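# Structural features, examined
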Amino acid sequence: MEGVPQHTAPRTVEEVFSDYRGRRAGLIKALTTEVEKFYQQCDPEKENLCLYGLPNETWEVNLPVEEVPPELPEPALGINFARDGMQEKDWLSLVAVHSDSWLLAVAFYFGARFGFGKSERKRLFQMINELPTIFEVVTGVKQQRDMSGNHNNNNKSKSSGKMSRLPETQTKGVKVSPPPKEEDDSGDEEAEDDEQGAICGACGDNYAHDEFWICCDVCEKWFHGKCVKITPAKAEHIKQYKCPGCSNKRARV
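Heads up: these notes are all about the structure in this document. These numbers were taken from a predicted model, which means no experiment stands behind them.

What counts and how
- Residues numbered from 1 in each chain as written.
- Predicted model: local features only at pLDDT ≥ 70, side-chain atom pairs only at ≥ 80, totals over all residues.
- Heavy atoms only, no water.
- Phe/Tyr/Trp six-rings, centres within 6.5 Å; stacked < 30°, edge-to-face > 60°.
- Helix = DSSP H or I, 4+ residues; strand = E, 2+ residues; numbered from the N terminus.
- Buried < 20%, exposed > 50% of the residue type's maximum accessible area, 1.4 Å probe, protein only.
- Lys NZ or Arg CZ within 6 Å of the ring centre and 35° of its normal.

Here we come to the packing of aromatic side chains. For the structure shown, the criterion picks out 6 aromatic pairs. For the pair phenylalanine 38 and tryptophan 91, a centre-to-centre distance of 5.2 Å together with 10° between the ring planes defines the contact as stacked. Residue phenylalanine 38 is located in helix H2 (residues 35-41), and its partner tryptophan 91 is located in helix H3 (residues 88-113); the two are separated by 53 residues in the primary sequence. For the residue pair phenylalanine 38 and tryptophan 91, the accessibility class agrees, reading buried in each case. Summarising the aromatic geometry, the rings of tyrosine 52 and tryptophan 102 are spaced 6.2 Å apart at their centres and angled 85° between planes, so their arrangement reads as edge-to-face. Of this pair, tyrosine 52 sits in strand E1 (residues 50-53) while tryptophan 102 sits in helix H3, placing them 50 residues apart in sequence. As far as the burial class goes, tyrosine 52 and tryptophan 102 line up, both buried. By way of ring pairs, the aromatic residues Phe38, Tyr39, Trp59 and Trp91 are connected into one cluster. Of note, arginine 83 hangs over the ring of tyrosine 39, and the distance from its end group to the ring centre comes to 4.3 Å.

Written out as structure tokens, the structure is:
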């Protein structure tokens, strides 16, 4: 991977976080919507390969840099060797965990390089911590980052697997719907927590009230309609929806 030229390296907390978000977005694409292309590039017959996320929200599979020490921390080496030795979902989860670790290493490398103090490091981590990890996005696991404020995010009613088939009262951006509960004062509160816990399986962003979402009937992950190019009108005619990742898996088999 080409190193980051010194004059363009991020120097403020906001710039480092922007760099982090760009690299993260690229890695999420590789492990979700562009997983077929990523899978093919990780040929076990090739030399040690690494997955790099780039600041412009793209990704690449490449050999590690030759310079020692490298200009930036290096991601996990040899991810291609494990590809055929385990189930694909487990392999992708493993790559996702290492990608999370690499992103943090790069972000705090910049912090150390440009002398971030305690308050700046804390602010950077807080900004990063507001985003779900790549592992959470890839696996669909929504770990509770605030145990005192979040309820169980897995109690979502899928209503035949598609958000577009929820009650017609939800006309603009169908929402994640919590399972029916006894009528009490806390019902609305719990529903809101459930909605806020939803994560898009493509871009990794959280649920928003004004956006259309759809659920994959195979992996049961939720997606922004715009991320998988599905409109509410189109969803009405889909009997069983498969996300790009699940569709690619089926084609490969």
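After that view of the structure, there is still more to cover.
Locating leucine 72 in the fold gives a position in the loop between strand E2 (59-62) and H3. Relative accessible area serves as the criterion here: at 5%, leucine 72 is assigned to the buried category.

Geometry only, nothing functional implied.
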